[in-house]
Amino acid sequence: MVERSQQEAGRGFWLGFAAYGIWGVFPLFWPLLEPSGATEILANRMTWSLVSVLLILLVQRRWSWIRPLLAQPRRLALSVAAAALISVNWGVYIWGVNSGHVVETSLGYFINPLVTIAFGVLALRERLRSAQWAAVGIGAAAVVVLTVAYGRPPWIALTLALTFATYGLLKKLVALGGLESFAVESAAMFPLAVSYLVYLGVQGKSTFGHTGAGYGWGHTGLLMLSGMVTAIPLLCFGAAAIRVPLTTLGLLQYLAPVFQFLLGVLVFHESMPPARWAGFALVWVALAVLTFDALRQLRRARERESLPVSAPATADDDQAKATAGGS
């Protein structure tokens, strides 16, 4: 049983690595869809995502969740709101990548954990430990430094972080499985996406199904593939989430922005003057503080669990309970 559990944990780790790794190399995929604009790419991604997820649900025969969800208007409304947010996130991300701002998009996902913690305080009234406060403070200082470095607020990064953190909060309230929520969100945006694609077709501005200007049917195939490219890492993530601890997933999440950052600097050769390096360094320090604090809390929790039931509480235990909180 122990060996089987270790095998499952190992499989979960590599599934999580695959999920975040695929998300990390997305900047290599979206430029392949040019000359389609970011909005057309987004509409195709929404459309073909629904087709992909319906095929997956059909194969797995996972339909029992639909009727209970439809009977709960509040959860359904929150799901639609989440769909709108993730659409904005996707659209800004695709535009950022195809406009030469890969490094800044990576920054958005670097600071996302810090924004999520801030949301926990503001929306869920969670209490932060001193290390978490320090990480949030360092992250805020990093944004100030990067604003000076860019000559403007890093609005692409901030939009990505804010929309994804809010999206995560709504998904927490909806409490629906990853594949199921993906299906609902895709279905919610499907009518708008198809309507926009039809509009482009009527106006003669669509690149889907047309040849010319250096693109052909392979381009149409790539647009259709965007749905499956979206679904595959989500499936890997869902499979990993049930096999490995959340702490492991929390550490793996940094793979995506690390890969994106490396692609931006090494492949797309985006400019990184010293002031930007300083801002990113502050973000990485904040994440290091956050990660160290999370691992320390996990170790303490395991030590408390290993104590005999009859062991008296210590002052350290009381202090830990009093200060426990955060995400």
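Conventions adopted
Residues numbered from 1 in each chain as written. Predicted model: local features only at pLDDT ≥ 70, side-chain atom pairs only at ≥ 80, totals over all residues. Heavy atoms only, no water. Helix = DSSP H or I, 4+ residues; strand = E, 2+ residues; numbered from the N terminus. Buried < 20%, exposed > 50% of the residue type's maximum accessible area, 1.4 Å probe, protein only. Contact = heavy atoms within 4.5 Å. Areas by Shrake-Rupley, 256 points an atom, 1.4 Å probe, with all protein chains shown as cover. Expected span 1.5 Å × (residues − 1). Phe/Tyr/Trp six-rings, centres within 6.5 Å; stacked < 30°, edge-to-face > 60°. Lys NZ or Arg CZ within 6 Å of the ring centre and 35° of its normal.

Regarding its fold elements, the chain presents 13 helices and 0 strands. Residues classed as buried in the chain amount to 42% of the 327 residues present. A fraction of 84% describes how many contacts in the chain between residues 6 or more apart in sequence connect residues 24 or more apart. As displayed, the chain offers around 16600 Å² of accessible surface, 68% of which is attributable to carbon and sulfur atoms.

A few words on unusual backbone geometry. The step from Glu34 to Pro35 runs through a cis peptide bond, and the omega angle for that step is 20°. Of note, Pro35 is situated in the loop between helix 1 (2–24) and helix 2 (38–60). The backbone of Arg61 sits at a positive phi, close to 55°, despite the residue not being glycine. Along the chain, Arg61 falls in the loop between helix 2 and helix 3 (66–70). The residue His269 is not glycine, and still its phi comes out positive at about 55°. Structurally, the position occupied by His269 is in the loop between helix 11 (255–267) and helix 12 (274–306).

What follows concerns the environment of Arg62. Positionally, Arg62 belongs in the loop between helix 2 and helix 3. Those residues in contact with Arg62, other than ones at most four positions away along the chain, are Leu57, Leu179 and Glu180.

Taking 1.5 Å as the rise per residue, helix 2 with 23 residues should run 33 Å; its terminal C-alpha atoms sit 32 Å apart, in good agreement. Once helix 2 ends, the next one or two residues include Arg61, with phi positive near 55°.

On to the packing of aromatic side chains. Evaluation of the coordinates by the stated rule reveals 21 aromatic pairs. When the ring of Phe110 is compared with that of Trp284, the centres are 6.0 Å apart and the planes differ by 75°; the resulting orientation is edge-to-face. Here the residue Phe110 occupies a position in helix 5 (residues 102–124), and Trp284 occupies one in helix 12, the gap between them amounting to 174 residues. The exposure class assigned to Trp284 is partly exposed, which follows from its relative accessible area of 30%. Clustering of aromatic rings is evident, with ring pairs tying together Phe110, Phe261, Trp277, Phe280 and Trp284. One residue, Arg45, lies across the ring of Trp90, its end atom 3.9 Å from the ring centre.

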